[in-house]
Amino acid sequence: MRYADGPGTQCEVFVGAPVERVWELVTDIGLPTRLSPELQRVAWLDGADGPAVGARFEGHNSRADMPDWRTVSEIIELTGTVGQAGSDAPAGRRVFAWGVMDADGRYGEPVSDLAGALARWRFELTPEDGGTRLRQSVVIGPGRSGASLVIDAKPELEEKIVDFRLNELRTGMTATLEGIKSLAEQAS
């Protein structure tokens, strides 16, 4: 798979807690800082103080093999409150999604528009057997990212680089989902 193809991956877990409890956790932008191997801190931007379509937040990230970096994310979907009119989703299904941009131009030109997002993330919650089926997914690109820099240096290895990055993201998503599961089930 090539970076320009918009590769992605997803992970899921069953959480023995109601959708409402899991929703509280996944829409808390600060929670992943406790669970993610890369995301270190977050803050709402532009006066936002909670999730809403169009709200933006910054994330500060760190990896041992590269300098720290900042991203700006914009919420692109926040749907599925129980009984929401006009939704063709299963009853009780909820979605929280955001696009991530390289606002500082770390990987190329600065990006402040979702069309140039370096990734799009999504949580999907569906009621199941008295609990919640929780899915997290990501699609990388089309905007430039750290993977783009590695691909630029070794274009002949692009497919392996993309596979490697997707595996890293799956590892992080698994840790995040297991952390959410643990927190939600402790509270139930």
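Report follows, based on the coordinates. These figures come from a predicted structure and were not determined experimentally.

We now examine the pairing of strand 6 (residues 119-128). With seven bridges connecting them, strand 5 (residues 94-101) and strand 6 associate as antiparallel partners. Counterpart to F96 in the pairing with strand 6 is F123. As defined by bridge partners, strand 6 adjoins strand 7 (residues 131-140) across 10 bridges and the pair is classed as antiparallel. What sits directly across from E128, in strand 7, is G131. What sits between the antiparallel neighbours strand 6 and strand 7 is a turn of two residues, in which D129 has the positive phi angle 45°.

Before going further, it helps to examine the nonpolar core. One finds V22, V26, W121, F123, L125, L134 and I180 to be the most contacted residues of the largest nonpolar core, which totals 38 residues. Of all the secondary structure elements, the ones that give two or more residues to this core are strand 1 (8-15), helix 1 (19-26), strand 5, strand 6, strand 7, helix 3 (146-153) and helix 4 (158-187). For this core, the element with the most residues is helix 4, which contributes nine residues. Residue contacts for V26: discarding those within four places in its chain leaves F96, F123, L125, L134 and I180. Counting residues in hydrophobic clusters, the runner-up holds six residues, among them L45, M101, V111 and L114.

Our focus in this paragraph is the sheet that holds strand 3 (residues 56-63). Strands sit in the order 1-7-6-5-4-3-2 across an open sheet of seven strands; the sheet is antiparallel. Edge positions in the sheet fall to strand 1 and strand 2 (39-44), since each of these pairs with one other strand and no more. When strand polarity is set aside, the average angle formed by the axes of neighbouring strands in this sheet is 20°. Relative to strand 4 (residues 66-79), strand 3 runs antiparallel, the two being bridged by seven bridges.

Now for the packing of helix 3 against helix 4. Close contact between helix 3 and helix 4 brings their axes to 9 Å; oriented N to C, the two are set at 155°. Taken together, the axes of helix 3 and helix 4 are roughly antiparallel relative to one another. Judged by the sense of rotation from one axis to the other, the crossing of helix 3 with helix 4 is right-handed. Counted together, A147, V150 and I151 of helix 3 and E158, I161 and V162 of helix 4 form the full contact between these two elements. Along the lines of polarity and charge, the residues of the contact of helix 3 with helix 4 split into five nonpolar, no polar and one charged.

What counts and how
- Residues numbered from 1 in each chain as written.
- Predicted model: local features only at pLDDT ≥ 70, side-chain atom pairs only at ≥ 80, totals over all residues.
- Heavy atoms only, no water.
- Pairing = 2+ DSSP bridges.
- Helix = DSSP H or I, 4+ residues; strand = E, 2+ residues; numbered from the N terminus.
- Core = buried A, V, L, I, M, F, W, Y, C linked by side-chain atoms within 4.5 Å.
- Buried < 20%, exposed > 50% of the residue type's maximum accessible area, 1.4 Å probe, protein only.
- Contact = heavy atoms within 4.5 Å.
- Axes fitted to C-alpha atoms, helices over the stretch in contact; angles between N-to-C directions.
- Parallel < 35°, antiparallel > 145°, perpendicular 65-115°, else oblique.
- Left-handed = near helix turned anticlockwise from the far one by under 90°.
- Nonpolar A, V, L, I, M, F, W, Y, C, P; charged D, E, K, R; others polar.

Geometric descriptors of this kind do not, in isolation, establish any biological role.
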